[in-house]
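Structure assessment
Each chain, letter by letter, is given below.
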Amino acid sequence: MQYIAYMQITNDQILGMMPSQFGLFGLLFAFMNRLQAAGDSFYEEITCKQWFLLACMNLYSKEAPTANDLAEIMGCSRQNVKEILNTLVKKEILVLKQDDNDKHKQRIYLTSKQKRLAKKYQNKEMDFLKLLYESISEDEIRSVFKIISKMEKNLMKAELVS
């Protein structure tokens, strides 16, 4: 019986095997898959995508967001957001209420159950972020943020063309 040796390919080797743009493109996908898997195993009650929606909710301090607002900031379709919202409403983590000024809009509000979840995981989240950003400086984080923001801007231009 013949055995094929499994060889772990490092990110540095990948950069030597293909143009850096392709390597980074693949790395982003692989990273997002690993990040989502870690996030999905992190919380008992919610998925990583549900957590992301809840985190985005915190960006709206003056007025509760709509599904369209969240879709825009999350970078996904309104239908995808509605699916996540429906699950969180069933779990009693969010409530939807009709907008006072525009009856066609529904505003999204956090519940006390969500506030209890946030408190329950607060320390664990901070420990995870410490681990994720270990040995990465604030300048490096800001640099990556700027680069990905530029890539996102370029992607938005491409969406306008197609």
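Please refer to the structure higher up on the page.
Description of the structure in this document. Computed from a prediction, not measured in an experiment: that's the story for all the values here. (Residues numbered from 1 in each chain as written. Predicted model: local features only at pLDDT ≥ 70, side-chain atom pairs only at ≥ 80, totals over all residues. Heavy atoms only, no water.)

**What to know about the pattern of salt bridges**
Scanning the model with the defined rule gives 6 salt bridges in all. With its nearest N and O atoms 3.2 Å apart, the salt bridge here joins Glu-138 to Arg-142. Here Glu-138 and its partner Arg-142 are both found in helix H7 (residues 138-161), 4 residues apart, which amounts to about one turn of the helix. Overall, Glu-138 belongs to the partly exposed group, its relative accessible area being 47%. When its relative accessible area of 52% is taken as the criterion, Arg-142 is described as exposed. (Salt bridge = Lys/Arg side-chain N within 4 Å of Asp/Glu carboxyl O. Helix = DSSP H or I, 4+ residues; strand = E, 2+ residues; numbered from the N terminus. Buried < 20%, exposed > 50% of the residue type's maximum accessible area, 1.4 Å probe, protein only.)

**Some thoughts on the packing of aromatic side chains**
Applying the stated criterion across every chain, the model contains 5 aromatic pairs. On the basis of an interplanar angle of 65 degrees and a centroid distance of 5.1 Å, the ring pair of Phe-25 and Phe-29 is categorised as edge-to-face. Placement of the pair is Phe-25 and Phe-29 together in helix H2 (residues 20-42), with a separation of 4 residues, close to one helical turn. Under the relative-accessibility criterion, Phe-29 is labelled exposed at 51%. Seen from their ring centres, Tyr-43 and Tyr-121 are 4.7 Å apart, and the 70 degrees between their planes marks the pair as edge-to-face. (Phe/Tyr/Trp six-rings, centres within 6.5 Å; stacked < 30°, edge-to-face > 60°.)

**Here we look at a nonpolar patch on the surface**
Nonpolar side chains collect at one region of the surface, where Leu-24, Leu-27, Val-144, Ile-147, Ile-148 and Met-151 lie side by side and expose about 460 Å² of accessible area between them. For the nonpolar patch, the elements supplying multiple residues, two or more each, are H2 and H7. A total of 4 residues in the nonpolar patch trace back to one element, the largest contributor, which is H7. Relative to the elements of secondary structure, Ile-148 occurs in helix H7. (Patch = residues over 30% accessible without salt bridge, like charges linked within 9 Å, V, L, I, M, F, W, Y side chains within 5 Å. Areas by Shrake-Rupley, 256 points an atom, 1.4 Å probe, with all protein chains shown as cover.)

**Comments concerning the environment of Ile-84**
Position of Ile-84 among the secondary structure elements: in helix H5 (residues 78-90). C-alpha of Ile-84 to C-alpha of Lys-49: the two residues are 35 residues apart in sequence and 7.6 Å apart in space. Ignoring anything within four residues of it in the chain, the contact list for Ile-84 reads Lys-49, Gln-50, Leu-53 and Met-74. (Contact = heavy atoms within 4.5 Å.)

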